[in-house]
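Structural characterization, general
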Amino acid sequence: MIEAIDYEPSLKAQWDGFVTSAKNGMFLFQRDFQDYHQDRFPDSSLMFLEGGRLVALLPASRSGDEIVSHGGLTYGGILSGSDMSTSRMLAVFDAMLQKFRRDGARRLLYKAIPIFCHRHPAQEDLYALFRNDARLVRRDAGFILRPSARPRYSSLRERSLKKASKAGLTLVETEDFVPYWKMLTEVLRDRHEAQPVHTLEEIQLLKSRFPDQIRLFVAMLAGETVAGTLVFEDLVFAHTQYIAAGPAGRETRALDLVYDRLFTEIYADKPWFSFGAATEDQGRVLNAGLAEWKEGFGARATMLDFYAISL
């Protein structure tokens with residue numbers, strides 16, 4: 001029998017320990033990351049016990065009568081140990097759905113963890129979703145490559161990289177987030193009428209908690225930050241987000257230099273390098289220009305899926 005219990009702060013050490021050993025765990029699911037914005041995403045995480053032994057976790061938050069796994073994270077499906085079997089996952093889902101029904105929830109939105117984040121194969125949950133009549137409600141196209149076996153760059157990327165190499169740019173890893181966040185905020189505001197999901201204070205807090213997993217790389221020109229990206233790094237992948245280039249960065253093709261150095265030098269030994277998604281409007285719209293830029297480096301599409309289960 002599988003028992004589903006609510007997570008509570010007194011169980012933090014057990015939670016974090018399981019995340020570290022899970023075959024699809026990553027630092028985003030550590031409580032020091034997951035809880036930094038719990039005021040906006042009330043926690044509804046579950047821990048699953050079999051004979052008193054912890055066998056799985058579900059990072060989750062609640063909004064009204066909907067459970068989301070997790071509302072404040074990119075992913076958030078079931079985290080499982082190396083001994084998770086398909087039949088045991090079905091029992092975990094039974095316990096999970098019964099628990100949420102008892103708690104008055106009407107719907108579960110389940111964000112599956114993409115396969116490039118798996119330390120070992122961990123897709124038993126996809127079968128359990130199918131068995132429970134889950135409906136695919138969103139599919140984002142993410143782009144990844146294997147640094148050690150990437151295809152050749154497109155001719156356009158080759159030309160842009162040559163231009164960047166001649167511009168006098170330097171790639172720097174920095175712990176000073178202030179100049180980059182200022183440029184990022186201006187770029188998102190002026191070009192996309194948007195703003196960063198994380199405030200400067202939030203990203204600085206997370207960096208202080210996870211100094212080795214959160215890294216900022218910027219392109220410098222004449223002492224100024226002109227482009228860059230934030231990297232979330234874990235055991236089997238490096239994932240980039242908050243990609244931005246100011247006017248001088250766009251003119252010199254600085255981002256091409258940044259990314260070339262990341263996966264040919266800094267992350268050359270990582271199994272997977274993730275460029276993030278290139279879709280909008282809940283996955284219904286492909287940003288073709290952004291996708292083409294990522295594919296020009298040899299990245300290819302992998303799916304980031306969201307499923308809904310009526311409770």
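Going by the structure above, here's the rest.
Our subject in this report is the structure included herewith.

**Focus: the overall build of the chain**
Within the chain one finds 10 helices and 16 strands. The C-alpha atoms of the chain give 20 Å as radius of gyration, which agrees with the globular expectation for 311 residues (19 Å, within 12%). Judged by the C-alpha coordinates and their principal axes, the chain covers about 65 × 35 × 35 Å. Taking all 311 residues of the chain together, 53% fall into the buried category. For the chain, the accessible area works out to roughly 14,400 Å², and carbon and sulfur atoms hold 49% of it.

**Here we look at the packing of aromatic side chains**
Summed over the entire model, instances satisfying the criterion amount to 28 aromatic pairs. For the pair Tyr-153 and Phe-263, a centre-to-centre distance of 6.2 Å together with 75° between the ring planes defines the contact as edge-to-face. You can see Tyr-153 sitting in the loop between strand E8 (135–145) and helix H5 (155–166) and its partner Phe-263 sitting in helix H9 (residues 254–266), a full 110 residues away along the chain. Residue class for Phe-263 comes out buried when judged on its relative accessible area of 1%. Centre to centre, the rings of Tyr-259 and Phe-273 are 6.0 Å apart; their planes meet at 85°, and the pair counts as edge-to-face. Linking Tyr-259 in helix H9 with Phe-273 in strand E13 (residues 272–277), this pair joins segments that are 14 residues apart in sequence. Assigned by exposure class, Tyr-259 and Phe-273 land together as buried.

**A closer look at the sheet that holds strand E11 (residues 224–233)**
Spatially, E4-E5-E7-E16-E8-E13-E12-E11-E10-E9 is the arrangement adopted by the 10 strands of the open sheet, whose pairing is mixed. Unpaired on one side and paired on the other, strand E4 (61–63) and strand E9 (170–174) mark the two borders of the sheet. Across the sheet, the mean angle from the axis of one strand to that of its neighbour is 30°, orientation sign disregarded. With 3 bridges joining them, E4 and strand E5 (residues 66–69) adopt antiparallel strand pairing. Residue pairing for E5: Ser-61 is matched across the bridge by Val-68. Strands in contact with helix H3 (residues 86–102) are E5, strand E7 (107–111) and strand E16 (300–310); relative to E7, the strand with the most contacts, it is inclined by about 135°. Packed onto the sheet, helix H10 (residues 288–296) meets E8, E13 and E16 and runs at close to 170° relative to E13.

**A look at helix H1 (residues 12–21)**
Among all positions in H1, only Trp-15, Asp-16, Phe-18 and Val-19 are buried. Taken around the axis of H1, the buried residues stretch over an arc of 160°, which confines them to a single face. In H1, the exposed positions that point more than 90 degrees away from the buried face belong to Ala-13, Thr-20 and Ser-21. In this structure, the buried residues of H1 make contact with helix H2 (31–34), strand E2 (46–50), strand E3 (53–58) and strand E6 (79–80).

**A few points about the packing of H3 against helix H4 (residues 124–131)**
When two helices pack together, their arrangement is given by the angle between the helix axes and the distance between those axes. The contact between H3 and H4 brings their axes to 9 Å, and the two run at 55°. Taken together, the axis directions place H3 and H4 in an arrangement best described as oblique. For H3 against H4, the interelement crossing comes out right-handed. Judged by residue contacts, Thr-86, Met-89, Leu-90 and Phe-93 of H3 engage Glu-124, Asp-125, Tyr-127, Ala-128, Leu-129 and Arg-131 from H4. Split into classes, the residues belonging to the contact of H3 with H4 amount to 6 nonpolar, 1 polar and 3 charged.

**Some details on the nonpolar core**
Residues Phe-33, Trp-181 and Leu-230 are the most contacted members of the largest nonpolar core, which totals 45 residues. When residues of this core are traced back to their parent elements, those giving at least two are H1, E2, E3, helix H6 (178–192), helix H7 (200–209), strand E10 (214–221), E11 and strand E12 (237–245). Residue contributions to this core peak at 6 residues, all from H6. When near neighbours in sequence (up to four residues on either side) are disregarded, Trp-181 contacts Pro-196, His-198, Thr-199, Leu-200, Ile-203, Leu-230 and Tyr-242. Counting residues in each nonpolar core, the second largest holds 29 residues, with Leu-169, Val-226, Val-258 and Ala-299 among its members.

**Observations concerning the environment of Gln-195**
Counting through the fold element by element, Gln-195 comes out in the loop between H6 and H7. For Gln-195, a relative accessible area of 65% translates into the label exposed.

Conventions we followed
- Residues numbered from 1 in each chain as written.
- Predicted model: local features only at pLDDT ≥ 70, side-chain atom pairs only at ≥ 80, totals over all residues.
- Heavy atoms only, no water.
- Helix = DSSP H or I, 4+ residues; strand = E, 2+ residues; numbered from the N terminus.
- Rg over C-alpha atoms; globule rule 2.2 N^0.38 Å.
- Buried < 20%, exposed > 50% of the residue type's maximum accessible area, 1.4 Å probe, protein only.
- Areas by Shrake-Rupley, 256 points an atom, 1.4 Å probe, with all protein chains shown as cover.
- Phe/Tyr/Trp six-rings, centres within 6.5 Å; stacked < 30°, edge-to-face > 60°.
- Pairing = 2+ DSSP bridges.
- Axes fitted to C-alpha atoms, helices over the stretch in contact; angles between N-to-C directions.
- Contact = heavy atoms within 4.5 Å.
- Arc of directions from axis to C-beta.
- Parallel < 35°, antiparallel > 145°, perpendicular 65-115°, else oblique.
- Left-handed = near helix turned anticlockwise from the far one by under 90°.
- Nonpolar A, V, L, I, M, F, W, Y, C, P; charged D, E, K, R; others polar.
- Core = buried A, V, L, I, M, F, W, Y, C linked by side-chain atoms within 4.5 Å.

Purely geometric numbers; function is a separate question.
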